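# Structural features, examined
Here is what each chain is made of, one letter per residue.
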Amino acid sequence: MQKKIQTVLISVFYKDGLDNLVHLLHSNHVKIFSTGGTKSFIEKLGIPCIDVESLTGFPSILGGRVKTLHPAVFGGILGKRDDSQHVAEMKQFNIPDIDMVVVDLYPFEETIKQTTDESLIIEKIDIGGPSMIRAAAKNHKDVLVLASKNDYLEVGKMLQNQQMCSSLEQRQEYAIKAFDVCTAYDQAISNYFHKSAFLTPFGLPENILRYGENPHQKGVYYGNLDHLFVQLHGKALSYNNLVDVESAIQLIYEFSGYDKVVFGVIKHTNVCGIAARNTVLNAWEAALAGDPESAFGGVLVCNQEIDEATANKINTIFFEVLIAPSFSKGALDLLQTKKNRILLQNKMDTISPVQMTTLLNGLLVQNNDDVNYNEWKVVTSAQPNDNMRADLEFANLIVKHLKSNAIGLVRNLQLIGKGCGQTSRIDALRHAIDKAHLSGFETAGAVLSSDAFFPFDDCVKIADEAGIIAFIQPGGSIRDNDSIQYCELKKLPMIITGTRHFKH
């Protein structure tokens, strides 16, 4: 839906690059409303503009604190052009349409860097600016909003090329930018008053934690867990609990729609035990057997209801959190006998499509590490049989959730050994084999998954010596063929997926 710019309200602190935009608007007969210093700047360019005071019929008061907060301004911005009642009221009160809003904000962050005088800092908390920006962004169906000097040039070119018109998609794009400007501004003010270094919580509810990752660190969680879980029992989730719960949810989501019960155990964000079985009890027992020592103090997660028989077994160990879609009454009564034990009913049908991490005073964002089965290719003459393939698929999903470098060993849909967080792949393999043996498993007959390629054929040789019967790995090494040829010689199936699964 194209909208032509016929009127604009301009009120900015930063004038850099504004002159070109103003000349463009004036040359296309756009009526300009403005305030204070911006009005003076525009008039010095030889361009006429209308003082907002003549629009409101009210002078700027309180030292400039109140000048645009008036129905004549906000009615012109917020009025819906296709609403007959809005149109009639605007006509009744002589309120003109405002088709474009060019407004930025007082330099709050710059001010707190330059002074500690709170009276000066307080005066740089903008009121009218954010209000006009939000109003224009809200009504982007009819209004184009420009909230940053960085966009003056781009918007000028856009309007020039489109005969002073903008599309709905373009107005929506700049509305999103405007809301982001307001969010960052409000957060800077909040941080100042909190004397806080926490960055970018996006206006989410603040939950003060007992401490951060360690007792000497402060911790805060910004978010609303009530949308995700029902906490049925236990103490408040700690920082480390939250980190492990996130890992547990990411893991169990891999098995949405899986035709078996899957039970997993998470410790320090790594999978230390997981298995798929026909019953909840069998799945729990197999998952625990994968690494019974590491399960102590872990986070447990299941994709099916926890029944009383399983709860009776789980109740014998110490764990921090248990997550499941539901709990039978008998299971809940039993598990609630320990007061600090956290029981979460999982309400999540889906997970966020993106992952975010704060670093270097910024935000790192990526989409999820999804599996593309279409790229999988058996690269050996030996083909995996159905049981091997099921184990290989299971192992590939698990290795995604181990810290790199990572190796997973699976047999009969049970993780029997893993090596994770190692600085070399061969060390990860040795750890996986040793861990399996320490937990009482023979590695003969297991399959191996790797989160990244084998740089040499030493991994497949050592794995073969341990009785591993099939491999799944991303490929991509210049020496892939060495590992493939060894498997070819030994008649060991190998699948190359084409997708690396680093996790840091």
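Our structure is the block above this text.
Described below are features of the structure shown in this document. (Residues numbered from 1 in each chain as written. Predicted model: local features only at pLDDT ≥ 70, side-chain atom pairs only at ≥ 80, totals over all residues. Heavy atoms only, no water.)

Attention now moves to the state of the cysteines. Here the structure, examined in full by the defined rule, presents zero disulfides. You can see Cys-272 has no disulfide; the closest cysteine sulfur is in Cys-420, sitting 9.2 Å from it. Judged by relative accessible area, which is 4%, Cys-272 ranks as buried. (Disulfide = S-S within 2.5 Å. Buried < 20%, exposed > 50% of the residue type's maximum accessible area, 1.4 Å probe, protein only.)

Evaluated as defined, the whole model comprises 16 salt bridges. Of the charged contacts in the structure, one is a salt bridge between Asp-142 and Lys-3, with a shortest N-O distance of 2.9 Å. In this pair, Asp-142 sits in the loop between helix H8 (128-138) and strand E6 (144-146) while Lys-3 sits in strand E1 (residues 3-4), placing the two residues 139 residues apart along the sequence. By relative accessible area, which is 5% here, Asp-142 ends up buried. Measuring nitrogen to oxygen at the nearest pair gives 2.9 Å for the salt bridge that ties Asp-333 to Lys-329. Of this pair, Asp-333 and Lys-329 both sit in helix H14 (residues 329-335), four residues apart, roughly one helical turn. On the basis of relative accessibility, which here comes to 40%, the residue Asp-333 falls in the partly exposed class. (Salt bridge = Lys/Arg side-chain N within 4 Å of Asp/Glu carboxyl O. Helix = DSSP H or I, 4+ residues; strand = E, 2+ residues; numbered from the N terminus.)

The six strands are arranged E10-E15-E14-E13-E11-E12 in an open sheet whose pairing can be described as mixed. Where the open sheet ends on each side, the last strands, each with one partner, are strand E10 (229-233) and strand E12 (270-277). With direction set aside, neighbouring strand axes in the sheet form an average angle of 20 degrees. Looking at chain direction, E10 and strand E15 (residues 342-346) are connected through four bridges and run antiparallel. Pairing of Gln-231 across the sheet is with Leu-344, part of E15. Helix-sheet contacts for helix H11 (residues 239-253) involve E10, strand E11 (261-267), E12, strand E13 (298-302), strand E14 (319-324) and E15, and the interaxial angle to E11 is about 150 degrees. (Pairing = 2+ DSSP bridges. Axes fitted to C-alpha atoms, helices over the stretch in contact; angles between N-to-C directions. Contact = heavy atoms within 4.5 Å.)

End to end, helix H16 (residues 425-438) covers 20 Å across 14 residues, agreeing with the expected 20 Å (1.5 Å per residue, within 8%). Within H16, the full set of buried residues consists of Arg-425, Ile-426, Ala-428, Leu-429, Ala-432, Ile-433 and Ala-436. Buried residues of H16, seen end-on, are gathered within an arc of 160 degrees and therefore sit on one face of the element. Lining the buried residues of H16 we find strand E19 (407-410), strand E20 (415-419), strand E21 (447-450) and helix H17 (458-465). Residue Gly-440 follows H16 closely and has a positive phi angle near 90 degrees. (Expected span 1.5 Å × (residues − 1). Arc of directions from axis to C-beta.)

Residue placement: Ser-294 occurs in the loop between helix H12 (280-289) and E13. A polar atom in the side chain of Ser-294 sits 2.7 Å from the side chain of Asp-291. With residues up to four places along the chain from it excluded, the contact list for Ser-294 reads Lys-267, Cys-272 and Lys-435. (Polar contact = N/O pair within 3.5 Å; in protein donor to acceptor, adjacent residues only side chain to side chain.)

It is worth spelling out the packing of helix H4 (residues 71-78) against H8 at this point. Where H4 contacts H8, the axes come no closer than 8 Å and their chain directions differ by 30 degrees. Between H4 and H8, the interaxial angle falls into the category roughly parallel. The segment H4 lies against H8, with Val-73, Phe-74, Ile-77 and Leu-78 engaging Ser-131, Met-132, Ala-135, Ala-136 and Lys-138. A class-by-class count of the residues in the contact of H4 with H8 yields seven nonpolar, one polar and one charged. (Parallel < 35°, antiparallel > 145°, perpendicular 65-115°, else oblique. Nonpolar A, V, L, I, M, F, W, Y, C, P; charged D, E, K, R; others polar.)

Attention now moves to the packing of H8 against helix H10 (residues 168-194). Interaxial distance between H8 and H10 falls to 9 Å at its minimum, and their mutual angle equals 150 degrees. Between H8 and H10, the interaxial angle falls into the category roughly antiparallel. Two packed elements cross with a definite hand, and for H8 against H10 that hand is left-handed. Contacts between H8 and H10 involve Pro-130, Ile-133, Arg-134, Ala-137 and Lys-138 on the former and, on the latter, Ala-175, Ala-178, Phe-179, Cys-182 and Tyr-185. By residue class, the composition of the contact of H8 with H10 is eight nonpolar, no polar and two charged. (Left-handed = near helix turned anticlockwise from the far one by under 90°.)

A word on the pairing of strand E16 (residues 354-359). The pairing of E16 with strand E17 (residues 362-367) spans six bridges and is classified as antiparallel. Within the sheet, the bridge partner assigned to Thr-358 lies in E17 and is Leu-363. Connecting E16 to the antiparallel partner E17 that follows it, the hairpin turn spans two residues, and Leu-360 within it adopts a positive phi of roughly 50 degrees.

Checked against the element boundaries, Lys-80 lands in the loop between H4 and helix H5 (84-92). A residue is classified by how much of its surface remains accessible, and Lys-80, at 38% relative accessible area, is partly exposed. Through-space distance from the C-alpha of Lys-80 to that of His-140 is 9.9 Å; in sequence the pair is 60 residues apart. Those residues in contact with Lys-80, other than ones at most four positions away along the chain, are His-86, Val-87, Asn-139 and Asp-142.

Across the junction of Ser-404 and Asn-405, the peptide omega takes the value -10 degrees, indicating a cis bond. Structurally, the position occupied by Asn-405 is in the loop between helix H15 (386-399) and E19. Located in the positive-phi region is Thr-269, a residue other than glycine, with phi close to 70 degrees. Inspection of the secondary structure puts Thr-269 in the loop between E11 and E12. In this structure Thr-269 comes out as buried when scored by relative accessible area, which is 10%.

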